[in-house]
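An overview of the molecular structure
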Amino acid sequence: MLKGGVLKGYFDFIRAEYGQEAMEECQEHTRISSKDLVDREFYSTEKNIAILTWISDKYGMHELQKAGNYTAKNLGGLAHIVRFANIKFFLRKAKENYEDTFSFGKVSVLTDEAGKSANVIFKDCNVIEESCIAWLGAFEGFMEVTRTKGSVEKVKCQVKGDEYCEYRLKWE
Ligand SMILES: [Zn+2]
């Protein structure tokens, strides 16, 4: 299960990037009405998968990076909080924030305090590649909203056979 705010974020992305008609088409295809979604309520993970695969089928897998980036930067309360935080503070809260929004999977963050980098490990969080790529874009979005100059790299992927998905963040 995951909170409605995430699903609404993807519909907002679709409208912003591809237009109102595309958003209506996605709602029809997935049988989800975005106006009925409540930010803080939990919805089935299948709904998330349906929206993400609709994006990749229609526009290509690479678009998920943009979708994740947009959603990360526009998550109502979260964007407001991280705007005033630095990336290390944000990463300390990442596990807690994840668990507040998603009822499945486990997030661990290994921060190298001296080296200005961190590895974020996602165990049983991603079941489709679309989701892995969306998270890559989301981490880039979190760097942007915390005004951190740096890069994000996907180094392992559970969907592709690794034990977990892993993202490496580096900053200046
Ligand atoms: Zn992955």
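Above this note sits the structure.
Residues numbered from 1 in each chain as written. Predicted model: local features only at pLDDT ≥ 70, side-chain atom pairs only at ≥ 80, totals over all residues.

Looking only at helices and strands, the protein chain has eight helices and six strands in total. From first element to last, N terminus to C terminus, the protein chain shows the α and β order β-α-α-β-α-α-α-α-α-β-β-α-β-β. The C-alpha radius of gyration of the protein chain comes to 15 Å, within 12% of the 16 Å expected for a compact globule of 172 residues. Counting all 172 residues of the protein chain, 31% fall into the buried class. Considering only intrachain contacts with a sequence separation of at least 6, the fraction spanning at least 24 residues in the protein chain is 64%. (Helix = DSSP H or I, 4+ residues; strand = E, 2+ residues; numbered from the N terminus. Rg over C-alpha atoms; globule rule 2.2 N^0.38 Å. Buried ≥ 20, exposed ≤ 12 C-beta atoms within 10 Å, placed from the backbone. Contact = placed C-beta atoms within 7 Å.)

Counting through the fold element by element, valine 120 comes out in strand β4 (residues 117-123). Looking at valine 120, the number of C-beta atoms within 10 Å reads 22, which means it is buried. In this structure, the C-alpha to C-alpha distance between valine 120 and leucine 91, residues 29 residues apart in sequence, is 8.6 Å. When neighbours within four sequence positions are excluded, valine 120 is seen to be in contact with Ala94, Val107, Val109, Glu166, Tyr167 and Leu169.

A positive phi angle, close to 60°, is found at aspartate 124, a residue other than glycine. Relative to the assigned elements, aspartate 124 resides in the loop between β4 and α8 (129-145). The phi dihedral of arginine 147 is positive, around 55°, even though this residue is not glycine. With 11 C-beta atoms counted inside 10 Å, the residue arginine 147 sits in the exposed group.

Right, let's talk about the packing of helix α1 (residues 4-18) against helix α3 (residues 45-59) for a bit. Contact geometry of α1 with α3 gives a least axis separation of 10 Å together with a crossing angle of 15°. When the interaxial angle is binned, α1 and α3 end up roughly parallel. Handedness of the α1/α3 crossing: left-handed. Between α1 and α3, the residues in contact are Val6, Leu7 and Tyr10 and Lys47, Asn48 and Ile51, respectively. (Axes fitted to C-alpha atoms, helices over the stretch in contact; angles between N-to-C directions. Parallel < 35°, antiparallel > 145°, perpendicular 65-115°, else oblique. Left-handed = near helix turned anticlockwise from the far one by under 90°.)

Take the nonpolar core next. If you look at the biggest cluster of nonpolar residues, it comprises 35 residues, and the most contacted ones within it are Tyr10, Ile51, Ala67, Ala134, Trp135, Phe139 and Phe142. For this core, the secondary-structure elements that each account for two or more residues are α1, α3, α4 (63-74), α6 (87-92), β4, α8 and β6 (165-171). Sort the elements by how many residues they give to this core and α8 lands first, with nine residues. (Core = buried A, V, L, I, M, F, W, Y, C linked by C-beta atoms within 7 Å.)

Orientation of α1 relative to helix α2 (residues 20-30), taken along the N-to-C sense of each, is 145°, at an axis distance of 7 Å. Where α1 abuts α2, its residues Phe11, Ile14, Arg15 and Tyr18 lie against Gln20, Ala22, Met23 and Cys26. Class assignment of the residues belonging to the contact of α1 with α2 gives a composition of six nonpolar, one polar and one charged. (Nonpolar A, V, L, I, M, F, W, Y, C, P; charged D, E, K, R; others polar.)

Our next topic: α4. Here α4 is 12 residues long and its end C-alpha atoms lie 17 Å apart, about the 16 Å a rise of 1.5 Å per residue gives. Most of α4 is tucked away: 10 of the 12 residues are buried. Of all the residues in α4, the buried ones are Glu63, Leu64, Gln65, Ala67, Gly68, Asn69, Tyr70, Thr71, Ala72 and Lys73. (Expected span 1.5 Å × (residues − 1).)

Next up on the list: the sheet that holds strand β5 (residues 150-156). The strand order across the open sheet built from four strands is β3-β4-β6-β5, with neighbouring strands paired in antiparallel fashion. Looking at strand neighbours, the two that pair on one side only are β3 (106-112) and β5, the edges of this open sheet. Shown here is a sheet whose adjacent strand axes are inclined to one another by a mean of 20°, direction ignored. Bridging between β5 and β6 involves six bridges; their strand directions are antiparallel. In the sheet register, lysine 156 faces β6, and the bridge partner there is glutamate 166. Running over the sheet, helix α7 (residues 94-101) touches β3 and β4 and is turned about 165° from β3. Most of the contacts of α8 go to β5, to which it runs at about 155°, and overall it touches β4, β5 and β6. (Pairing = 2+ DSSP bridges.)

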